[in-house]
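What follows is each chain in one-letter form.
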Amino acid sequence: MNAANDDIAFMRLAIDAAKNAAAHDDVPVGCVLVKDGHVLGTGENRREIDQDPTAHAEVVALRNAAKQLSGWRMDGVTAYVTLEPCVMCAGALLNARVSRVVIGASDEKAGAVGSRYNLLSDPRLLHEAEITYDVLGDESAVLLRDFFATRRP
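Not measured: the values here are computed from a predicted model.

J.: Explain the overall build of the protein here, please?
T.: When helices and strands are counted, the protein shows five helices and five strands. For the protein, the succession of helices and strands along the chain, N to C, is α-β-β-α-α-β-α-β-β-α. A globule of 153 residues ought to have a C-alpha radius of gyration of about 15 Å, and the protein, at 14 Å, matches this closely. Taking all 153 residues of the protein together, 49% fall into the buried category. Considering only contacts within the protein whose residues lie at least 6 apart along the sequence, 55% involve residues at least 24 apart.

Below, the structure written as structure tokens:
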């Protein structure tokens, strides 16, 4: 497999996680953390089910990966996220030292990895990550559009 095929395969896992979030009535966002071809952590939005404002997909995945690694440093880890991370999640990815972030859909309203802000590419901060945009972006965006179409007519 080549890198582009790997990106698609791991983003599909993130999309599956996003579908799990929608199944428990949360915004369908999923995240998968991968190192050397192995999944370290998966997360979906769990704000509603956990009643936790920090339970975004990226934070949940980082917590799961940190347990598996027995540590918080994510050097060499790639995050596959169905929606461009918000400020909180971009900050968490930055502080975890994630090396690369692969994004499905852009978030023009709250995106902090290029749309509104650019936290993961700011040389003034502690760390920078390589960014890849629009991997299965249409598929990720459709999940969000369909979810909100039934809630925000």
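J.: Would you take a moment to explain the pattern of salt bridges for this structure?
T.: Applying the stated rule across the entire model yields seven salt bridges. Asp50 serves as the salt-bridge partner of Arg46, at 2.9 Å between the closest nitrogen and oxygen. Close ionic contact of Arg63 with Asp52 constitutes a salt bridge, the shortest N to O distance being 4.0 Å. Of this pair, Arg63 sits in helix H3 (residues 57–69) while Asp52 is found in the loop between helix H2 (47–50) and H3, placing the two residues eleven residues apart along the sequence. Connected via shared salt-bridge partners are Asp7, Arg100 and Glu130.

J.: Sorry, what's going on with the packing of H3 against helix H4 (residues 87–95) here?
T.: For any two helices packed against each other, one specifies the inter-axial angle together with the distance between the axes. Interhelical geometry of H3 versus H4 gives an angle of 25 degrees and a closest axis separation of 9 Å. It follows that H3 is roughly parallel to H4 by the angle criterion. Crossing handedness for the pair H3 and H4: left-handed. Where H3 abuts H4, its residues Glu58, Val59 and Leu62 lie against Met88, Cys89, Ala92 and Leu93. For the contact of H3 with H4, the class distribution of residues is six nonpolar, no polar and one charged.

J.: Help me understand the sheet that holds strand S4 (residues 100–105) in this model?
T.: Neighbouring strands of a sheet are bound in pairs by backbone hydrogen bonds; such pairs are parallel or else antiparallel. Across the sheet, which stays open at both edges, the five strands sit in the order S2-S1-S3-S4-S5 with mixed pairing between neighbours. Only two strands of the sheet have a single neighbouring strand rather than two, namely strand S2 (38–44) and strand S5 (130–132). Along the sheet, successive strands turn relative to each other by an average axial angle of 15 degrees, direction set aside. Along the sheet, helix H1 (residues 3–23) contacts strand S1 (30–35), S2, strand S3 (78–83), S4 and S5; its crossing angle with S3, the most-contacted strand, is approximately 50 degrees.

J.: Sorry, what's going on with the side chain of Asp26 here?
T.: Among the structural elements, Asp26 can be located in the loop between H1 and S1. Summary of buried charges: Asp26 has no salt-bridge partner, and the nearest side chain of opposite charge, Arg47, is 4.1 Å away. Engagement of the side chain of Asp26 in a polar contact is seen with the backbone nitrogen of Arg47, the distance being 2.7 Å. At a separation of 2.8 Å, a polar atom in the side chain of Asp26 contacts the main-chain amide nitrogen of Glu48. Setting aside chain neighbours within four positions, we find Asp26 in contact with Ala21, Asn45, Arg46, Arg47, Glu48, Ile49 and Phe147.

What counts and how
- Residues numbered from 1 in each chain as written.
- Predicted model: local features only at pLDDT ≥ 70, side-chain atom pairs only at ≥ 80, totals over all residues.
- Heavy atoms only, no water.
- Helix = DSSP H or I, 4+ residues; strand = E, 2+ residues; numbered from the N terminus.
- Rg over C-alpha atoms; globule rule 2.2 N^0.38 Å.
- Buried < 20%, exposed > 50% of the residue type's maximum accessible area, 1.4 Å probe, protein only.
- Contact = heavy atoms within 4.5 Å.
- Salt bridge = Lys/Arg side-chain N within 4 Å of Asp/Glu carboxyl O.
- Axes fitted to C-alpha atoms, helices over the stretch in contact; angles between N-to-C directions.
- Parallel < 35°, antiparallel > 145°, perpendicular 65-115°, else oblique.
- Left-handed = near helix turned anticlockwise from the far one by under 90°.
- Nonpolar A, V, L, I, M, F, W, Y, C, P; charged D, E, K, R; others polar.
- Pairing = 2+ DSSP bridges.
- Lys, Arg positive; Asp, Glu negative; His and termini not counted.
- Polar contact = N/O pair within 3.5 Å; in protein donor to acceptor, adjacent residues only side chain to side chain.

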